[in-house]
Amino acid sequence: MSIFDGLAETWDDKPDRAERTATVAERLRSALDFTGIESGLEYGCGTGQLSFALAEQLPHCLLVDTSVEMLKAAERGIVERNLPWDTERRNFATRAVDHPVAITDVIFSLQVLHHVDDLPTTLENMAKALRPGGQVALIDLPKGSSGFHHGSAHSHDDNPHLDGLDNNELEQVMGEAGFTDITWHEDIALKRTEEDGTTEYTLFLVTAKTPRS
């Protein structure tokens, strides 16, 4: 059972998460080229709010997560919006033989990688899932974000990158996974509200492409 299963029911209740979604979606519209896009894939979709915010840019989207309850919430959102989309429970951090190949034009992932224990495998599977010339956008915590999960149930034992990811190390892993045109964009400044007050934090945004055949 995923720790996020127990968070799914109230995940969207926090206003700062809605603000984050809107801000990140706007940045993705600028950072990615949605011209001619037929399908997208959000990895670690949670309740699907980021994908829903990009619905006008995505004729079809596959919402992927490891949490059963998060996917149930995403499925409800798809039905409510009458979207021709799909969900799938999948973990790109494993070397399963049935991972998809060349099924989508763009993959995006918001604050997921710092929960991933095997970044090389995850990025390799993302690259394989993209069609030639496909795009990826990764938004996550930079290295040094140790206070972000203060007081949470997340553990460094299960999340080795919990305090954020090093840009140089991530770029190297992306290159080794087969990505090209790796581009770092301006950091995204956000705020979050907890019981002990409001804190500011930043997320990085990096995009890349798969080679054209």
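Shown above is the structure to which this text applies.
This is a predicted model, so every value here is computed, not measured.

Caption draft 1: Inspection of the sheet that holds strand β7 (residues 197-209) at higher detail. Read from one edge to the other, the open sheet built from seven strands follows the order β3-β2-β1-β4-β5-β7-β6, with strand pairing classed as mixed. Strands at the two margins of the open sheet, each flanked by one partner only, are β3 (86-89) and β6 (180-194). Between one strand and the next, the sheet's axes are offset by a mean angle of 20°, whatever the strand orientation. Here three bridges tie strand β1 (residues 39-43) to strand β4 (residues 104-110), and the two strands are oriented parallel to one another. Bridge pairing in β4 links Gly40 to Val106. In this fold helix α1 (residues 15-31) packs onto β4, β5 (130-140), β6 and β7, with an angle of close to 160° to the strand it touches most, β6. Packing against the sheet, helix α4 (residues 119-129) makes contact with β1, β4 and β5, and its axis sits at approximately 140° to β5.

Caption draft 2: Quick peek at the packing of aromatic side chains. For the coordinates displayed, the defined rule picks out three aromatic pairs. Judged by centre distance (4.9 Å) and plane angle (20°), the ring pair of Tyr43 and Phe92 falls under stacked. Highlighted residues: Tyr43 in strand β1 and Phe92 in the loop between β3 and β4, separated in sequence by 49 residues. The class for Phe92 is buried, based on a relative accessible area of 0%. Ring geometry for Phe52 against Trp85: centres 5.9 Å apart, planes inclined by 20°, an arrangement best described as stacked. Of this pair, Phe52 sits in helix α2 (residues 49-53) while Trp85 is found in the loop between α3 (68-81) and β3, placing the two residues 33 residues apart along the sequence.

Caption draft 3: Quick look at the nonpolar core. Leu28, Leu58, Leu63, Phe108, Ile139 and Leu203 are the most contacted members of the largest nonpolar core, which totals 28 residues. Residues within four places of Leu63 in sequence aside, it is in contact with Glu42, Cys45, Gly48, Ser51, Phe52, Leu71, Ala74, Ile78, Trp85, Asp86, Thr87 and Glu88. Formed by 27 residues, the second largest nonpolar core is a distinct cluster that contains Tyr43, Val112, Ala129 and Val206.

The rules we used
Residues numbered from 1 in each chain as written. Predicted model: local features only at pLDDT ≥ 70, side-chain atom pairs only at ≥ 80, totals over all residues. Heavy atoms only, no water. Pairing = 2+ DSSP bridges. Helix = DSSP H or I, 4+ residues; strand = E, 2+ residues; numbered from the N terminus. Axes fitted to C-alpha atoms, helices over the stretch in contact; angles between N-to-C directions. Contact = heavy atoms within 4.5 Å. Phe/Tyr/Trp six-rings, centres within 6.5 Å; stacked < 30°, edge-to-face > 60°. Buried < 20%, exposed > 50% of the residue type's maximum accessible area, 1.4 Å probe, protein only. Core = buried A, V, L, I, M, F, W, Y, C linked by side-chain atoms within 4.5 Å.

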